[in-house]
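Read off the chains here:
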Amino acid sequence: MDIDKLFKVPRLPASSKRKMPDNPTPEMLKKMRLDTPSNGDPEDSAMDVDMPESSSAPRQQSRRATVEDGEEKMVDTSFAPGGDADYFVEEDEEGRFYGGGLTSEQKQILSIFESAEGEGTTEDPEGISITSIRRTLLKFERTVNKNQDQRSKYPDDPSKFIDSEADLDSALKSLLSLAQSPVLAYPELVRSGSVSLLIGLLSHENADIVIDVVDVIHELTDEDVGNELEDEEEHEEAQTALKTLIEALLENSILELLVDNLSRLNETEESDRQGVFHILGVFENMLGFNPDLSLILVSKTKMMNWLLNRVQSKTHDENRGYSAELLSILLQNNSVIRQDFGKKDGVEIALNVLSQFRRRDPIDADEAEFMENLFDALCSALAEPEVKSFFLASEGVDLMLLMMREKLQSKSRAIKTLDYAMSGVAGTIICANFVEVLGLKTVFAAFMGKGSKKSKSNTPTTASEDISHILGIISSLFSNIPSDSPDRIRLLTKFVENNYEKADKLLEVRENAHNRLKVVDTEIEAEKKETLADGGEIESEDEDLFYLRRLEGGLFTLQTVDYIIAWIVMEDDGIRGHITQMLERKNQSLKDIIATLQIYRDNLDADTQSNGTATDQAPESGALSQKEILQHLIDFLHGCP
């Protein structure tokens, strides 16, 4: 087809009659009417020129529109200017004419293109009905069966099943719209057996079909499904429907099949890389809906091995970052998964990957998030005593101290990791190692804020978090280092040297925390009064929430500081005299320290160990619980003059 010829503007037919001007005036067009010929004679299709009054005369077989001009000649209007097929058809209320600028043939071609573009579009979500859902699922089922049939008949001749594969791709994409109506679609998806068909396609020979299936499952299980519903009852119905779908997916072994496909996909290809990303997204969606699935995912699949392999990639990309995020999610709340992480050399791998940030900062925000997720995963795992042993054996203390000395973005995360590693009775050996490798000098330099000018992350928020974790490290040292040992003496010496400057720093941190807490206490008291004035009551749950607010508002820092102050006051007379004198200048005394420790003690469980970490087991022989230690400190301070 000659496209140039097709879209060429046709010429006006030659005629001896006067031609219509190229730019006719609106007044002229308003008086013109299209002649309707009674036969095929060209002469009958022309427009004559006459006086308007002639319209009252008897009509001829061929009706002619006339207009007055100086010459009694006809205007040939067998085609409008530019060949516009709609020039005389479109007319508004005021009689003005507008055209589309296209000939009839051009309009027909454009209509074909518009129809083609409209194919495959989904219905308006508001128009989705149970009938349309069933029709979509039936079409999907037939397409799957047809593709399977043709593949089985002609396994070695792709030309025989390529069309059905394209149809299958289109049918899978049509399922994406079901996420817009979960309450109607998800139960029907399960009832019809389409879930089994969908999961079965995860073993399809064509990787592109597998990727399509992953996209559909990722969309259907999205955590935002139903969140747009304003009605609470409708939102609950959507969540119930999502639960039904996820349970059906689990019954069809979706976790195992998705993990198997992770190794099948080739991430050097863009489509496969996106497929891996969406598989990880499905896992995140399902864990967000039911965190208990984390144990099933790790115990029944090789997911942990794949994640540990993926984070070791030499080049950083979004899937590597997503793997670190998923790893941190899995390790958050499950002891069995944390232990599995340690047994599979997870600590060694994490430390090796993080070591690259000892001398350089992450190159962008994505890599910074990757680093933080890996640190978070390590901190979560360190809640297990076995993992602390792996951390010590892998020289984790040495690496964290090196990061603290370099003062890059990893410094704050290194401080946090040491806090988690040294806490609890299981952290005793790490505390001893910390002192042995000269960690006291490093941590107290950070506590005093010395040499921090190179740090690129020294924001007020970061500095506050660093102080909180440094106080946690010092608290663990006092809890775990044996009394009268050389390490204990070295620790106490730090608070005596340079005219008690570190003791003064403790009091400074204490005052800041106390001032923040007073603001929160004022707000809480106002809320309590308002509640009582309205005839309400303060329930025990409300008191718990108020206590959590106080902890976040400075009470936690205040408790940790006063815990350390109580230790150094009890163990050194010189420090006790200095602390007492400094408190008196603020109209305070050791009784204020006692009051804080009593609140601390009263809100601890009896089985909480000396790091403040709750445990279901009794403390080891000779180890005091945190509550017992606090009581001893309170008793001593009561006896001080």
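Model, not experiment: these values are computed from the prediction.

(A) The overall build of the protein, seen in detail. From N to C terminus, the protein includes 28 helices and zero strands. Put simply, 69% of the contacts in the protein that link residues at least 6 apart link residues at least 24 apart. For the protein, the computed accessible surface area is about 34,300 Å², with 49% contributed by carbon and sulfur atoms.

(B) Representation of helix H4 (residues 130–153) in the model. End to end, H4 covers 35 Å across 24 residues, agreeing with the expected 34 Å (1.5 Å per residue, within 8%). Those residues of H4 not exposed but buried are Ser132, Ile133, Leu137, Phe140, Thr143, Val144, Asn147, Gln150 and Arg151. Summarising the contacts, the buried residues of H4 are in contact with helix H5 (158–174), helix H6 (182–191) and helix H7 (194–200).

(C) Representation of the packing of aromatic side chains. Under the criterion given, the structure shown has six aromatic pairs. Plain terms: the ring middles of phenylalanine 478 and phenylalanine 495 are 6.0 Å apart, the flat faces sit at 40° to each other, and that makes the pair tilted. Taken together, the positions of phenylalanine 478 in helix H23 (residues 460–480) and phenylalanine 495 in helix H24 (residues 486–533) put the pair 17 residues apart, joining distant regions of the chain. The burial state of phenylalanine 478 is the same as that of phenylalanine 495; both residues are buried. On the numbers, 6.3 Å between centres and 90° between planes, the contact of tyrosine 563 with tryptophan 567 is edge-to-face. Here tyrosine 563 and its partner tryptophan 567 are both found in helix H25 (residues 540–571), four residues apart, which amounts to about one turn of the helix. Feature note: the residues Phe444, Phe447, Phe478, Phe495, Tyr563 and Trp567 constitute an aromatic cluster, connected by ring pairs.

(D) Broad picture of the pattern of salt bridges. Scanning the model with the defined rule gives 29 salt bridges in all. One salt bridge connects aspartate 340 with lysine 344, and the closest N-O pair in it is separated by 3.3 Å. On the basis of relative accessibility, which here comes to 28%, the residue lysine 344 falls in the partly exposed class. Here glutamate 497 ties to lysine 502 by a salt bridge, and the two come within 2.9 Å at their closest N and O atoms. Accessibility expressed as a relative area gives 27% for glutamate 497, which makes it partly exposed.

(E) Structural view of the side chain of serine 323. Within the fold, serine 323 resides in helix H14 (residues 318–330). Beyond its immediate chain neighbours, meaning those up to four positions away, serine 323 contacts Leu280, Trp306, Leu307, Arg310 and Val311.

(F) Focus on the confidence of the model for the protein. Predicted confidence across the protein gives a mean pLDDT of 82, with 76% of residues reaching 70 or more. Per-element confidence in the protein is highest for helix H16 (residues 346–354), whose mean pLDDT is 97, and lowest for helix H1 (residues 3–6), whose mean pLDDT is 50. Counted against residues more than four places away or in other chains, residues 33–73, with its pLDDT under 50, gives 60 contacts.

(G) Representation of a negative patch on the surface within the structure. The grouping of Asp231, Glu232, Glu233, Glu234, Glu236 and Glu237 at the surface amounts to a negative patch. If you trace the backbone, aspartate 231 turns up in the loop between helix H8 (207–220) and helix H9 (232–251).

(H) Broad picture of the environment of aspartate 167. Along the polypeptide, aspartate 167 turns up in helix H5. For aspartate 167, a relative accessible area of 40% corresponds to the partly exposed category. When the C-alpha positions of aspartate 167 and asparagine 147 are compared, they lie 8.5 Å apart, and in sequence the two are 20 residues distant. The contact partners of aspartate 167, leaving out residues within four places of it in the chain, are Thr143 and Lys146.

(I) The packing of helix H19 (residues 396–406) against helix H22 (residues 439–447), seen in detail. Across the interface, H19 lies against H22 with an axial gap of 10 Å and an inter-helix angle of 40°. Comparing the axis directions of H19 and H22 gives the class oblique. When you trace H19 past H22, the crossing you get is left-handed. Across the interface between the two elements, Leu401, Met404 and Arg405 of H19 pack against Gly439, Thr442, Val443 and Ala446 of H22. Here the contact of H19 with H22 is composed, by residue class, of four nonpolar, two polar and one charged.

(J) Spotlight on the environment of alanine 185. Tracing the backbone through its elements, the reader meets alanine 185 in helix H6. Discounting chain neighbours no more than four positions away, the residues touching alanine 185 are Ile133 and Leu178.

(K) Quick peek at unusual backbone geometry. Its identity is not glycine, yet leucine 438 carries a phi of approximately 65°, on the positive side. Relative to the assigned elements, leucine 438 resides in the loop between helix H21 (428–436) and H22. On the accessibility criterion, leucine 438 (51% relative accessible area) is exposed. Positive phi outside glycine occurs at asparagine 499, with the angle close to 60°. Relative to the helices and strands, asparagine 499 is located in helix H24. With relative accessibility at 61%, the residue asparagine 499 sits in the exposed group.

(L) A look at H6. Those residues of H6 not exposed but buried are Pro182, Ala185, Tyr186, Glu188 and Leu189. Buried residues belonging to H6 abut H4, H7, H8 and H9. Just downstream of H6 lies glycine 193, where phi reads positive at about 85°.

(M) Geometry of the side chain of arginine 601. With respect to the helices, strands and loops of the structure, arginine 601 is situated in helix H27 (residues 590–602). Arginine 601 sits in the buried class, given a relative accessible area of 18%. One polar contact links arginine 601 to glutamine 631, side chain to side chain, over a distance of 2.7 Å. When near neighbours in sequence (up to four residues on either side) are disregarded, arginine 601 contacts Lys627, Leu630, Gln631 and Ile634.

Procedures and definitions
Residues numbered from 1 in each chain as written. Predicted model: local features only at pLDDT ≥ 70, side-chain atom pairs only at ≥ 80, totals over all residues. Heavy atoms only, no water. Helix = DSSP H or I, 4+ residues; strand = E, 2+ residues; numbered from the N terminus. Contact = heavy atoms within 4.5 Å. Areas by Shrake-Rupley, 256 points an atom, 1.4 Å probe, with all protein chains shown as cover. Expected span 1.5 Å × (residues − 1). Buried < 20%, exposed > 50% of the residue type's maximum accessible area, 1.4 Å probe, protein only. Phe/Tyr/Trp six-rings, centres within 6.5 Å; stacked < 30°, edge-to-face > 60°. Salt bridge = Lys/Arg side-chain N within 4 Å of Asp/Glu carboxyl O. pLDDT = per-residue confidence, 0-100. Patch = residues over 30% accessible without salt bridge, like charges linked within 9 Å, V, L, I, M, F, W, Y side chains within 5 Å. Lys, Arg positive; Asp, Glu negative; His and termini not counted. Charge placed at Lys NZ, Arg CZ, Asp CG, Glu CD. Axes fitted to C-alpha atoms, helices over the stretch in contact; angles between N-to-C directions. Parallel < 35°, antiparallel > 145°, perpendicular 65-115°, else oblique. Left-handed = near helix turned anticlockwise from the far one by under 90°. Nonpolar A, V, L, I, M, F, W, Y, C, P; charged D, E, K, R; others polar. Polar contact = N/O pair within 3.5 Å; in protein donor to acceptor, adjacent residues only side chain to side chain.

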